[in-house]
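Coordinates in review
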Amino acid sequence: MMQQFEGLKVRTAWNEDEEKWYFSIVDVVKVLTDSADPKQYIKKMRLRDSELNSRWGTICTPTEMVAADGKKYLTQAASAEQIFRIIQSIPSSKAEPFKVWMAQVAAQRVDQAIDPERSIDQAVADYRRLGYSEAWITRRIKTIEIRKGLTDEWKRGGVTKEVDFAFLTDLMSKTWSGLSTKEYKHLKGLTKENLRDNMTNMELLLNALAEESATQLSKERNPEGLVQNAVVAEEGAEVAKTAKEDFEKRLGRSVVTSEKAIDYIQSPEELPFNKR
């Protein structure tokens, strides 16, 4: 995938197993230095920085990316953290704004460990632009509010690390749906896409039930630390699991589905702004 920094292209690739972005080192160096031969610049940079050179094997991860001829080749790439180390060896006025840009890119799809701190108005505009129905948008915005309430509770209980947010989120998903976040995304055929943005109405409602239940239990019990919060989170998810199983018996099929956004987004002809 191509990302753009100040109009210049930087190739990126999403590593599904690690759930993080990798950036083409050559592209990053070209953007920061305006070098006509970034590969030569990298060689000289490594000669100047012996510590960087000694770690080069662990910093670089060969990653498939599309080249200028349109074909995919293994390309020297690095994660955001590793790119930050490379940037230390590049004197460039673009370094700081590039770090900010890269952090924004890297944060786009770090799963749903913590919901993005974007405004509700912007979220509504984004979903409308993508073609979601007004009814779905209303439900989705409510789930964002519910998620925020839960993460606030986790923070109040002393859970502040993103990795712990991810652990609790995964625990709740596994409990109510039977699938970890990664397994859920596999079921829907997703890679870098947001899982919640690809949930059906019933999936959204059940996930929200799990999170709201966990929030209310947390307010009553005041758990402290990861272990206690995990117990409460799992108990909240059990509420949604019970509701899910009861409804599935009545429905005669699973409500956890492989359907994703493209399966139920409105067609362009149905969108309000296309009607005359």
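Before any of the text, the structure's been laid out above.
The rules we used
- Residues numbered from 1 in each chain as written.
- Predicted model: local features only at pLDDT ≥ 70, side-chain atom pairs only at ≥ 80, totals over all residues.
- Heavy atoms only, no water.
- Helix = DSSP H or I, 4+ residues; strand = E, 2+ residues; numbered from the N terminus.
- Buried < 20%, exposed > 50% of the residue type's maximum accessible area, 1.4 Å probe, protein only.
- Contact = heavy atoms within 4.5 Å.
- Areas by Shrake-Rupley, 256 points an atom, 1.4 Å probe, with all protein chains shown as cover.
- Core = buried A, V, L, I, M, F, W, Y, C linked by side-chain atoms within 4.5 Å.
- Axes fitted to C-alpha atoms, helices over the stretch in contact; angles between N-to-C directions.
- Parallel < 35°, antiparallel > 145°, perpendicular 65-115°, else oblique.
- Left-handed = near helix turned anticlockwise from the far one by under 90°.
- Arc of directions from axis to C-beta.
- Salt bridge = Lys/Arg side-chain N within 4 Å of Asp/Glu carboxyl O.
- Nonpolar A, V, L, I, M, F, W, Y, C, P; charged D, E, K, R; others polar.
- Pairing = 2+ DSSP bridges.

With that out of the way, let us pick up the overall build of the chain. Scanning the chain for helices and strands turns up 13 helices and five strands. When burial is assessed residue by residue, the chain has 45% of its 276 residues classed as buried. When contacts within the chain are restricted to residue pairs at least 6 apart in sequence, long-range pairs at least 24 apart make up 61% of them. As displayed, the chain offers around 15000 Å² of accessible surface, 53% of which is attributable to carbon and sulfur atoms.

Let's shift gears to the nonpolar core. Core analysis: the biggest nonpolar cluster contains 31 residues, and Tyr 127, Ile 137, Ile 141, Trp 154, Met 172 and Trp 176 have the highest contact counts within it. For this core, the secondary structure elements donating two or more residues are helix H7 (120-130), helix H8 (134-156), helix H9 (162-177), helix H11 (201-221) and helix H12 (225-251). In contact with Trp 176, not counting residues within four places along its chain, are Tyr 184, Met 199, Glu 203, Leu 206, Asn 207, Ala 210, Ala 237, Ala 240, Lys 241, Lys 244 and Val 256. With 29 residues, the next largest nonpolar core counts Val 26, Val 29, Val 31 and Ala 80 among its residues.

The next subject is the packing of H8 against H9. Direction vectors running N to C along H8 and H9 enclose 125°, while the axes themselves pass 12 Å from each other. Judged by the angle between their axes, H8 and H9 are oblique. Relative to H9, the crossing made by H8 is right-handed. Of H9, the residues touching H8 (which contributes Arg 147, Leu 150, Thr 151, Trp 154 and Lys 155) are Phe 165, Leu 168, Thr 169 and Met 172.

Once that is clear, we can look at helix H2 (residues 38-48). Looking only at H2, the buried set comprises Pro 38, Tyr 41, Ile 42 and Met 45. Down the axis of H2, the sector holding all buried residues measures 100°, keeping them to one side. Exposed and oriented more than 90 degrees from the buried face of H2 are Lys 39, Lys 43, Lys 44 and Leu 47. Next to the buried residues of H2 lie helix H1 (25-33), helix H3 (50-54), helix H4 (56-59) and helix H5 (80-87).

Further remarks concern the pattern of salt bridges. Here the structure, examined in full by the defined rule, presents 18 salt bridges. A salt bridge links Arg 85 to Glu 51, with the shortest nitrogen-to-oxygen separation between them at 2.4 Å. Of this pair, Arg 85 sits in helix H5 while Glu 51 sits in helix H3; the two residues are 34 residues apart in sequence, bridging distant segments of the chain. Residue class for Arg 85 comes out buried when judged on its relative accessible area of 13%. Sharing partners across several salt bridges, the network here consists of Asp 49, Glu 51, Arg 55 and Arg 85.

With that settled, consider the packing of H1 against H2. One way to put it is that H1 packs onto H2 with a least axis distance of 9 Å and a crossing angle of 90°. When the axes of H1 and H2 are compared, the pair comes out roughly perpendicular. Of the residues in H2, those touching H1 at Ile 25, Val 26, Val 29, Lys 30 and Thr 33 are Pro 38, Lys 39, Tyr 41 and Ile 42. Considering only residue class, the contact of H1 with H2 consists of six nonpolar, one polar and two charged.

This part covers the pairing of strand S5 (residues 72-79). Note: strand S3 (residues 20-24) against S5, three bridges, orientation antiparallel. Among the inter-strand pairings, Tyr 22 is bridged to a residue of S5, identified as Ser 79. In this structure, the hairpin formed by strand S4 (residues 61-66) and S5 is closed by a connection of five residues, where Gly 70 is found at a positive phi of approximately 85°.

None of the figures reported here should be taken as evidence of function without further support.
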